[in-house]
Structures are given as structure tokens and as C-alpha cells.
Amino acid sequence: MAKIALITGATSGIGKATAEEFAKHGIRLVLCGRRQERLESIERALSKQTDVCTLNFDVRDKTKTLEAISSLPKQFQDIDILINNAGNAHGLDPIQSGSLDDWDAMMDINVKGLLYVSKAIIPGMTNRKFGHIINIGSSAGKEVYPKGNVYCASKHAVLAITEGMRIDLNPFGIKVTAINPGLVETEFSRVRFKGGEQADSVYKGYKALQAKDVADVIYFAVSRPAHVNIADVLMFCTAQANSTIVNKTDSQ
Ligand code: NDP
Ligand code: 8X3
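About the thresholds
- Residues numbered from 1 in each chain as written.
- Chains lettered and ligands numbered in written order.
- Predicted model: local features only at pLDDT ≥ 70, side-chain atom pairs only at ≥ 80, totals over all residues.
- Heavy atoms only, no water.
- Salt bridge = Lys/Arg side-chain N within 4 Å of Asp/Glu carboxyl O.
- Helix = DSSP H or I, 4+ residues; strand = E, 2+ residues; numbered from the N terminus.
- Buried < 20%, exposed > 50% of the residue type's maximum accessible area, 1.4 Å probe, protein only.
- Pairing = 2+ DSSP bridges.
- Right-handed = clockwise from strand over helix to strand, strands pointing away.
- Core = buried A, V, L, I, M, F, W, Y, C linked by side-chain atoms within 4.5 Å.
- Contact = heavy atoms within 4.5 Å.

This part is about the pattern of salt bridges. Under the defined criterion, the tally for this structure stands at 12 salt bridges. In this structure, the salt-bridge partner of lysine 212 is glutamate 21, at a minimum N-O distance of 3.6 Å. With lysine 212 in helix α8 (residues 211–222) and glutamate 21 in helix α1 (residues 13–24), this pair connects stretches of sequence that are 191 residues apart. The salt bridge involving lysine 194 is made with aspartate 102; its shortest N-O contact spans 3.1 Å. Linking lysine 194 in the loop between α6 (188–192) and α7 (197–201) with aspartate 102 in helix α4 (residues 100–128), this pair joins segments that are 92 residues apart in sequence.

Structure representation (C-alpha cells):
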């Protein structure tokens, strides 16, 4: 029987590209997000390749998250692969002028939301002694850059949680992986800068990672043999050396 993957943040960027990659390989999909029209159009497109079910919930809402996942039809309940991807940066401000609402959004979505979804899925995996959790961290979880403060903190937390999961779930044979990309050209910067020109300029002058590049690595991780766990991946585009050094020399 084909595996079932639940992907959060499947309406855009890395999550959507991962859904498309998994569908090509016949992995059955539970796709999550808040934008209903997008969930429906992605379901229509990918249903040609695999079985697809969608769930609309905000990962900040603990009750709705647990209810949505427990409402899955029987044939989608046994999740083999969890991709904890939903998340964003909100704002890029020095700590002394950061917005409380932005801080709440990042901690509530990137950290607590990831925990709520995991809480709903892990018992099934421990019961079946089988599963693979992939947390989408970031290079921002490995180093702190100017004005990155709370976003970097949220992604450092994702990496700590990933390591904690790998330790605690070890007796159950559950794989736990962190995939940590640098700059990826998605809707990420539009969310961070609340739209506008600043967002468009982030990916100018060099070739950033594309969502499909990250999805390829995620598929690589889930397609290893049973005895192999890819624990942690840091990936950049060739033009990026670290969070602050990006060779922007292309004329675009
Ligand atoms: P996008 O903005 O393109 O996608 C973000 C996804 O998260 C959307 O599908 C969105 O769906 C979902 N999402 C956001 N907030 C919520 C919420 N409250 N509840 C449920 N779903 C939510 O960005 P990316 O694809 O780039 O980001 C995906 C992940 O990759 C994030 O965790 C991000 O931190 C990480 N990342 C991104 C990098 C980049 O440079 N782009 C680099 C490193 C890591 P909807 O709005 O429909 O709910
Ligand atoms: C996204 C990459 O450099 O904007 O996690 O933090 S960065």
C-alpha cells in the first residue's frame, strides 16, 4: 500500500512543491493550509496522480488543529510521513523596534503550531512503531543574522525540537529529519515584508533556491532504505555562503 504523507503549508512554496513531488511517486497526500481555493485547486491537479485529502485549519488554533486531524477519513488516518512545513517570517526589525504581533505570529505558527500538529500525529506512529517526521527548519536555525532575532529563535527552537523528537522517538523506530534551506524563492518574502517592493528585491541579482530544489531533497530523505535516516540537511543556493553573504552579481 502506498505511504500517506501529511504536509502542512501545502498551499504555496516548499509545501506545494513537496506535494507535487510526492504525487509523482504515488505517495497519498493529506494537504493542509488555510487558503481553501488553493487547497481545492491543488487537490484537483494532484488527484490525477494519487489519492488526495485536504484539511483547512490554522496551526495556531490548538483545538481546530487536533479536531481537523482527528476528522480524517479512515483511509487517510495512518500517517506515515509528517512534513512540518507551515511557517513564515513576519517582519525584519531590530529587536528594539520589533512588533509584538509579528513575534506572536512566528512563535505561535513556527514553533507551537508545529508542536500541535506533531501531537496529533505522533501517537499513531508510536502505536504502529513506524513513521518519518520531517521538520522544515532554516539556515536561520543554525545562525543568527541582523534583525533576524525572533524568526531565528523560532527556527533554533525547531531544530531543538527535532533533536528532542529524534531522541524520544528512537525506541519506536521513527525517523526524524530537519531540512534547513537558505534563501528559497517562494511567497516567504511577501509574507515577511507584507507585500511590496522590498519583497521582490530579495531574490534579485542571483539564482535563489527554488521550492522544487527543496522538495527534491525532502523526497530523497523519505525514499531512503528503512535503516537510513537523514538527520539534518543544510542547503544553500550556490550564490549564498551563509545568512549574510550572498553574491548578487547577476544583472537582472
Ligand atoms: P510560503 O509563504 O510560500 O508558504 C508558507 C506556507 O505556510 C503556506 O502554505 C501557508 O498556507 C502556510 N501557513 C502559514 N501560516 C499558517 C498558519 N497560521 N496555519 C496554517 N498554515 C500556515 O513560504 P515557504 O514555502 O518558503 O515556507 C515554508 C517553510 O520553509 C516555512 O517553515 C519557512 O520558515 C521555511 N523556510 C523558508 C525559506 C525561504 O527562504 N523561503 C528558507 C528556509 C526555511 P496558508 O496561507 O494557506 O495557510
Ligand atoms: C528563510 C531564510 O535567510 O530569510 O528561513 O532566514 S532567511
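A few words on unusual backbone geometry. Positive phi outside glycine occurs at lysine 129, with the angle close to 50°. Residue placement: lysine 129 occurs in the loop between α4 and β5 (132–136). Among the residues examined, lysine 129 registers a relative accessible area of 54% and is labelled exposed. One non-glycine residue, lysine 194, adopts positive backbone phi at about 55°. By relative accessible area, which is 56% here, lysine 194 ends up exposed.

As defined by bridge partners, strand β2 (residues 28–33) adjoins strand β3 (residues 52–56) across 5 bridges and the pair is classed as parallel. Within the sheet, the bridge partner assigned to cysteine 32 lies in β3 and is leucine 55. Running through helix α2 (residues 36–46), the crossover from β2 to the neighbouring parallel element β3 is right-handed.

The nonpolar side chains of soluble globular proteins are, as a tendency, buried together. Within the largest apolar cluster, 34 residues are counted, with the highest numbers of intra-cluster contacts made by Phe22, Leu29, Leu31 and Ile218. For this core, the secondary-structure elements that each account for two or more residues are β1 (4–7), α1, β2, α2, β4 (81–84), β5, α8 and β9 (232–235). Those residues within four positions of leucine 29 in sequence are excluded, and the remaining contacts are Ala5, Ile7, Ala19, Phe22, Ala23, Leu46, Thr50, Asp51, Val52, Cys53 and Phe76. If you look at the next biggest cluster of nonpolar residues, it comprises 29 residues, including Ala68, Leu82, Ile133 and Leu169.

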